[in-house]
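Descriptive structure summary
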Amino acid sequence: MLRGIDVSAYQSSSYDTDGLSFVFIKATEGRSYVNPRLAAQTKHGRDAGLVVGFYHFLWPGNLEAQAEYFVKHAPEKAGDILAVDWETTSSGTHASNAEKDLFIRKVKELRPSHQVILYANRDFWLNVDTTSYAGDGLWIADYVTAGKPRIKAKWRFHQYSSEPHDKDVADFEDKAALKEWANDA
């Protein structure tokens, strides 16, 4: 298993990269938020030689506009991974299955040379999801032993802890395999 983390504006722009192969960075949310540390966090990950991914926190409604907003603000470099973060919003709502699926497809249409994946927690995957559509791969959050999420679906990334920050593993043989997959959209 490869180790990685995901970061947002709550984390430093000089996060620890020792022992990591990848980082996911929050880029956008809805149609009005851009992570103010996006550029610095991206540079830090790239300078450390990490595979870099970006995620968008999805709100219900205006899916095409959200997809366009995301790809407008997420840096674009070959081998970057794009993800949709599908969970409950601060207002207690969430995008529907159809909206989640449409968003993934629209991002893939706008950035066809990038892998586009779904981030969901175990509860959403098992109890909210009805389509099992995760684009090019599933990034599952389940706070258990790294690499052993309690789901039957094939997954690519597993967020297994949020202490002291979000920690992830990737189901690839080595970093070269991850890079090859990321570049093979």
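Let me sum up the structure you'll find in this document. (Residues numbered from 1 in each chain as written. Predicted model: local features only at pLDDT ≥ 70, side-chain atom pairs only at ≥ 80, totals over all residues. Heavy atoms only, no water.)

A few points about the pattern of salt bridges
- One pass over the full model with this rule turns up 10 salt bridges.
- Among the ionic pairs, Arg111 bridges to Glu76, the shortest N-O distance being 3.4 Å. Taken as a pair, Arg111 in the loop between helix H3 (97–110) and strand S6 (115–121) and Glu76 in the loop between helix H2 (63–73) and strand S5 (81–85) lie far apart in primary sequence, 35 residues in all.
- Assessed through its relative accessible area of 3%, Arg111 is described here as buried.
- Exposure remark for Glu76: the relative accessible area of 57% places this residue in the exposed category.
- In this structure, Asp142 and Arg150 form a salt bridge, with 2.6 Å as the shortest nitrogen-oxygen distance. (Salt bridge = Lys/Arg side-chain N within 4 Å of Asp/Glu carboxyl O. Helix = DSSP H or I, 4+ residues; strand = E, 2+ residues; numbered from the N terminus. Buried < 20%, exposed > 50% of the residue type's maximum accessible area, 1.4 Å probe, protein only.)

Quick look at the layout of surface pockets
- Approximately 320 Å³ is the volume attributed to the largest pocket.
- Lining the largest pocket are 19 residues, and of these Ser8, Tyr10, Lys26, Tyr55 and Asp85 lie nearest its centre.
- Elements supplying a minimum of two residues to the lining of the largest pocket: strand S2 (22–29) and strand S4 (51–57).
- A per-class count over the lining of the largest pocket returns 8 nonpolar, 5 polar and 6 charged.
- Considering only enclosed or pocket space, the second largest pocket measures out at about 180 Å³ in volume.
- Where the lining of the second largest pocket is concerned, the elements lending two or more residues are S4 and helix H5 (175–183). (1 Å grid on protein atoms, 1.4 Å probe; cavity = no way out; pocket = protein on both sides within 12 Å on 5 of 7 lines; lining within 4 Å. Points joined across faces, edges and corners; volume = space filled by probe spheres on them. Nonpolar A, V, L, I, M, F, W, Y, C, P; charged D, E, K, R; others polar.)

Here we look at the nonpolar core
- Within the largest apolar cluster, 37 residues are counted, with the highest numbers of intra-cluster contacts made by Phe54 and Leu118.
- Ranked by residue count, the leading element in this core is H2, at 4 residues.
- Counting residues in each nonpolar core, the second largest holds 17 residues, with Leu2, Phe22, Val51 and Ile81 among its members. (Core = buried A, V, L, I, M, F, W, Y, C linked by side-chain atoms within 4.5 Å.)

Re the pairing of strand S7 (residues 138–141)
- Side chains of S7 alternate between two faces, with Leu138 and Ile140 and Trp139 and Ala141 buried alike.
- Relative to S7, S6 runs parallel, the two sharing 4 bridges. Counterpart to Asn121 in the pairing with S7 is Ala141.
- On the question of chirality, the crossover connecting S6 to the parallel S7 by way of helix H4 (residues 122–128) is right-handed.
- Where S7 lies against strand S8 (residues 157–161), 3 bridges are found, and the strand directions are parallel. By the bridge assignment, Trp139 is partnered in S8 with Phe157. (Pairing = 2+ DSSP bridges. Right-handed = clockwise from strand over helix to strand, strands pointing away.)

Topic: the side chain of Thr89
- Along the chain, Thr89 turns up in the loop between S5 and H3.
- In contact with Thr89, not counting residues within four places along its chain, are Phe57, Leu58, Trp59 and Pro60. (Contact = heavy atoms within 4.5 Å.)

Thoughts on the environment of Lys106
- Position of Lys106 among the secondary structure elements: in helix H3.
- Owing to a relative accessible area of 12%, Lys106 belongs among the buried residues under this scheme.
- Discounting residues that sit within four places of it in the chain, Lys106 has contacts with Glu64, Ala67 and Glu68.
- Polar contacts involving the side chain of Lys106 include one to the side chain of Glu109, which spans 3.1 Å. (Polar contact = N/O pair within 3.5 Å; in protein donor to acceptor, adjacent residues only side chain to side chain.)

All we've got here are geometric facts, nothing functional implied.
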